Amino acid sequence: MEQPLTQRADQPLKPRNKHRLKARGKRHTVPKQAEPKTPDPQPPVAGVPVPEARPAKAQKADVPIEEQKTEGPKTSGAPNRSNDNRFNEEKSRQKKQARPEPSAPEPSTNTESEPEPPAVVPVPTQRPDVTKPEVEPPVVAPQPPEKPADADDKKMLPDPRSADLPDAKMPAEEVACRERLTALGVEFEEHKAESNPDIGCSIPYPLVLKSLGKSIAIGPATELNCPMAEAAARFAANVIQPAAKAEFGADLKSINQASAFVCRPRNGTRKLSEHAFGNALDIASFTLSDGRKIEVGPTPPEKDAKFLNAVRKAACGPFKTVLGPGADPDHALHFHLDLEPRRHGGTFCQ
Ligand SMILES: [Zn+2]
């Protein structure tokens, strides 16, 4: 949900039927009644194999187009829930497409964009013959090869953190992080490790936060990794609380989060979200001790805007990615904060 994925350059645009056509042409060498080699609009005669030379398809630069369509940056402002649904739909569509075909002699590196062949294949120019070919044809007309690369192509881009699984003994840095959280007054519970090898998400030492400090609540139930929990707790105490006091003369009572650990990719990309590692927190609103609620949005009231801008600006540094209204439509209604490791300790704040 941060940066759109750049277009993959590793998809060659080579026509996939060339090789097949050639091989097939060789097969039909049996002389026959002079048949003009013209396009034949008739459907195949039953039982006779029809080579599906599909020149139109071969010429189509289908991969990049499809990728743009399905993988390109989304502009919907839908919250995470619907993104998850969309992702699941996409997954189930892949599964359908990845259905193995009985005759797939040529694994192709071509990809997901290949649509299912139409039920009635229009017969192109080279109608081979109505006589018997040398080789006894299979009973069922051959299907175009379905690509096994199909499923691979929709996989998330690899992230080394996907392989993180919990050790039998909690690492020292995780233990130390928990001690610091306790010192900050954060209440939390240990949660069982979660991972999904298909998608690539993994959170080996998750915590569920019950509070973000001695007098700062967070809800609903917030599952994060410990470094992110600590960063959020420190930020709440050191930045949000003083900003609330300065602007409204009230204390920060609670943070209402929109998303913490979620096993999903970034919106519209194949890159895993920091949420997939429990390394990101989306904040939708802040509630103050006087009952005032300050919501993140594109056009907050002036006083709220001042507070929100101060918080957002100060978040850049403690958090490595900071996004919010105006960054892109996905972040119109929340601040996204994460600890994505970046080269040279850089930040990405919009
Ligand atoms: Zn987010």
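Residues numbered from 1 in each chain as written. Predicted model: local features only at pLDDT ≥ 70, side-chain atom pairs only at ≥ 80, totals over all residues.

**A closer look at the overall build of the protein**
The test is simple: Every helix listed is a DSSP run of H or I at least four residues long, and every strand listed is a run of E at least two residues long, numbered separately from the N terminus. Buried means a residue has 20 or more other C-beta atoms within 10 Å of its own C-beta, exposed means 12 or fewer, and partly exposed covers the counts in between; C-beta atoms are placed from the backbone. A residue pair is marked as a contact if its C-beta atoms, positioned from the backbone, fall within 7 Å.
Within the protein one finds 8 helices and 11 strands. Within the protein, buried positions represent 32% of all 350 residues. Counting only contacts in the protein whose residues sit at least 6 apart along the sequence, the fraction spanning at least 24 positions is 73%.

**Concerning the packing of helix 6 (residues 172–183) against helix 7 (residues 226–248)**
Stated formally: Orientation is described by axes fitted as lines to C-alpha atoms, over the contacting stretch for helices, and by angles from 0 to 180 degrees between their N-to-C directions. Orientation categories follow fixed angle ranges, with anything under 35 degrees roughly parallel, anything over 145 roughly antiparallel, 65 to 115 roughly perpendicular, and all other angles oblique. Two helices crossing with the near one rotated counterclockwise from the far one by less than a right angle form a left-handed crossing, whereas a clockwise rotation gives a right-handed crossing. Amino acid classes used here: Ala, Val, Leu, Ile, Met, Phe, Trp, Tyr, Cys and Pro are nonpolar; Asp, Glu, Lys and Arg are charged; the rest, including Gly, are polar.
Two elements in contact, helix 6 and helix 7, have axes separated by 9 Å at closest approach and are oriented at 25°. When the interaxial angle is binned, helix 6 and helix 7 end up roughly parallel. Crossing hand, helix 6 versus helix 7: left-handed. Residue-level contacts link E174, C177, R178, R180 and L181 of helix 6 to C226, P227, A229, E230 and A233 of helix 7. Residues of the contact of helix 6 with helix 7, tallied by class, amount to 6 nonpolar, no polar and 4 charged.

**As for helix 7**
Our working rule: One fewer than the residue count of a helix, multiplied by 1.5 Å, yields its expected span. Two axes are fitted around each residue, one to the seven residues ending there and one to the seven starting there, and the angle between them is reported as the bend at that residue.
Along its 23 residues, helix 7 runs 31 Å from first to last C-alpha, staying within 8% of the 33 Å computed at 1.5 Å per residue. Along its length, helix 7 reaches its greatest deviation from straightness, about 40°, at A236. Within helix 7 the residues assigned to the buried category are C226, M228, A229, A231, A232, A233, F235, A236, I240, Q241, A243 and A244. Looking at the residues trailing helix 7, positive phi occurs at G249, about 65°.

**Considerations on the nonpolar core**
Note the cut-off: By convention the nonpolar core is taken to be a set of buried residues drawn from Ala, Val, Leu, Ile, Met, Phe, Trp, Tyr and Cys and joined through C-beta atoms within 7 Å.
L212, A229, A232 and A236 are the most contacted members of the largest nonpolar core, which has 49 residues in total. Considering each element in turn, this core owes the most residues, 11 residues, to helix 7. Leave out the neighbours within four places in its chain, and A229 touches L181, V186, F188, L207, L209 and L224.

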